[in-house]
Amino acid sequence: IRRPPRSTRFPTRRSSDLISRNAFAGLEDFIEELYIVESKLVDFPFDSVENLKNLEAFTIEKSKIRLLPKFSGLNRLKHIRIDGSLISSLPIGAFSKMGSIKQIHLVNSNLGRIAEGIFGPLDSLMLANFSGNAIEAIQRRSFALLPKLEVSKLILPFALLMSFSH
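Remember, it's a predicted structure, so these values are computed and weren't measured experimentally. (Residues numbered from 1 in each chain as written. Predicted model: local features only at pLDDT ≥ 70, side-chain atom pairs only at ≥ 80, totals over all residues. Heavy atoms only, no water.)

(A) Quick peek at the overall build of the protein. Along the protein, the regular secondary structure elements total one helix and nine strands. Starting at the N terminus and walking to the C terminus, you meet the elements of the protein as β-β-β-β-β-β-β-β-β-α. The buried share among the 166 residues of the protein stands at 44%. Sequence separation of at least 24 residues holds for 51% of the intrachain contacts in the protein that already meet a minimum separation of 6. (Helix = DSSP H or I, 4+ residues; strand = E, 2+ residues; numbered from the N terminus. Buried < 20%, exposed > 50% of the residue type's maximum accessible area, 1.4 Å probe, protein only. Contact = heavy atoms within 4.5 Å.)

This is the structure we're talking about:
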């Protein structure tokens with residue numbers, strides 16, 4: 001009996017590539033790392049990863065997705081990296097119930113603001129990287145419930161970082 005792969009990599013090349021809502025059906029217990037790289041991905045179903053209970057690392061690079069996948073409740077997820085997307089906002093509670101998350105990289109996207117309540121209590125978050133975004137506003141209390149996140153590990157666009165530190 002052959003064990004399914006620990007990591008799943010989806011290199012997509014066609015401009016109309018989509019990932020179906022059930023793309024990971026049957027692999028829920030096995031996928032620990034998911035990489036979707038060099039894609040022209042335009043749609044990533046919001047709830048397609050919510051049942052990947054052993055997922056520890058999630059990466060999408062160079063995509064055209066507009067919505068953040070639903071990560072809430074993925075208790076083993078430690079690393080999220082979305083590099084290059086059209087995501088412009090984060091839904092309230094997007095990262096709730098994620099006790100193991102250590103790093104969030106949402107970089108080179110269209111993110112315009114970080115609202116209060118986005119993160120909720122994330123006891124393990126140590127690094128948050130939002131560089132390369134057009135963030136214009138952050139509520140000061142957005143990061144209040146993140147006891148392990150040091151200011152030196154909060155990476156924001158330079159102009160915003162200067163106004164945030166005052």
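(B) Representation of the pattern of salt bridges in the model. By the definition in use, this model includes five salt bridges. With a closest N to O distance of 3.3 Å, Glu50 and Lys70 form a salt bridge. With Glu50 in the loop between strand E2 (33–36) and strand E3 (57–61) and Lys70 in the loop between E3 and strand E4 (79–83), this pair connects stretches of sequence that are 20 residues apart. Classification of Lys70 as partly exposed rests on a relative accessible area of 32%. Several salt bridges share partner residues, and in doing so they unite Glu61, Arg81 and Asp83 into one network. (Salt bridge = Lys/Arg side-chain N within 4 Å of Asp/Glu carboxyl O.)

(C) Quick look at the confidence of the model for the protein. Summary statistics for the protein give a mean pLDDT of 79 and a share of 82% for residues scoring 70 or more. Per-element mean pLDDT across the protein ranges from 53 in strand E1 (residues 7–9) up to 95 in E4. With pLDDT under 50 throughout, residues 11–16 is counted as low confidence; its partners more than four residues away or in other chains account for 10 contacts. (pLDDT = per-residue confidence, 0-100.)

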